[in-house]
Amino acid sequence: MKLYKVSSNYHRGIKDFESIKDNGNGTFDSLFKNGSFERIRTKSFLPDYKNGSAFFKTYEEAKEYITLKIKESIKHHEHIIKKGNDTLNAL
């Protein structure tokens, strides 16, 4: 099954990701390879913690998520710029 991955560093964009199966409860199974060691991992679609990767079933969902994250980042940085300009004007 093909999924779309948005890593915690969302500036990397959207990547294709292969999973074995969808478990139907918001999780999926994927094959994890580390050298000669292989095992099946169960992961959830949305990250369990803030800096984890998010997985989506469609490209449009992934695009919507990354757009939201970028808009939040822009709003945060606009606040920092405004605060810096206020400090400069106070000098």
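See the structure shown above.
Quick caveat: nothing in here was measured; it's all calculated off a predicted structure.

Undergrad: Teacher, can you tell me more about the sheet that holds strand β2 (residues 14–18) here?
TA: Strands pair in a sheet through their backbones, by hydrogen bonds, and they do so in one of two ways: parallel or antiparallel. Strand order across the open sheet formed by 3 strands is β2-β1-β6, with antiparallel pairing between neighbours. Edge strands, defined here as strands with exactly one partner in the open sheet, are β2 and β6 (54–56). Neighbour-to-neighbour, the strand axes of the sheet open up by a mean angle of 35 degrees, direction not taken into account. Of the strand pairs in this sheet, strand β1 (residues 2–6) and β6 are connected by 3 bridges, and their pairing is antiparallel. By the bridge assignment for β6, Val6 is matched with Ala54. Packing of helix α1 (residues 59–90) onto the sheet brings it into contact with β1, β2 and β6, and relative to β1 it is tilted by some 10 degrees.

Undergrad: How should the pairing of strand β4 (residues 27–34) be read in this particular structure?
TA: Within a regular beta strand, the side chains point alternately toward one face of the sheet and then the other, so they alternate between its two faces. Pairing analysis gives 2 bridges linking strand β3 (residues 21–22) to β4, with the strands arranged antiparallel. Of the residues in β4, the one forming a bridge with Lys21 is Asp29. Between β3 and β4, which follow one another and run antiparallel, lie 4 residues, and Gly24 among them has a positive phi close to 85 degrees. Taken together, the 8 bridges between β4 and strand β5 (residues 37–44) define a ladder with antiparallel strand orientation. Considered in β5, the bridge of Ser30 is made with Arg41.

Undergrad: What is the right way to read the sheet that holds β5 from this model?
TA: One open sheet accounts for 3 strands, arranged β3-β4-β5; its pairing is antiparallel. At either end of the open sheet lies a strand with only one pairing partner, and these are β3 and β5.

Undergrad: Looking at this structure, how should I read α1?
TA: Structural remark: α-helix, 3.6 residues per turn; residues separated by three or four positions point the same way. Compared with the 46 Å implied by 1.5 Å per residue over 32 residues, the 47 Å span of α1 between its first and last C-alpha is a close match. Taken together, the buried positions of α1 are occupied by Ala62, Ile66 and Ser73. For α1, the elements touching its buried residues are β1, β2 and β6.

Conventions used here
Residues numbered from 1 in each chain as written. Predicted model: local features only at pLDDT ≥ 70, side-chain atom pairs only at ≥ 80, totals over all residues. Heavy atoms only, no water. Pairing = 2+ DSSP bridges. Helix = DSSP H or I, 4+ residues; strand = E, 2+ residues; numbered from the N terminus. Axes fitted to C-alpha atoms, helices over the stretch in contact; angles between N-to-C directions. Contact = heavy atoms within 4.5 Å. Expected span 1.5 Å × (residues − 1). Buried < 20%, exposed > 50% of the residue type's maximum accessible area, 1.4 Å probe, protein only.

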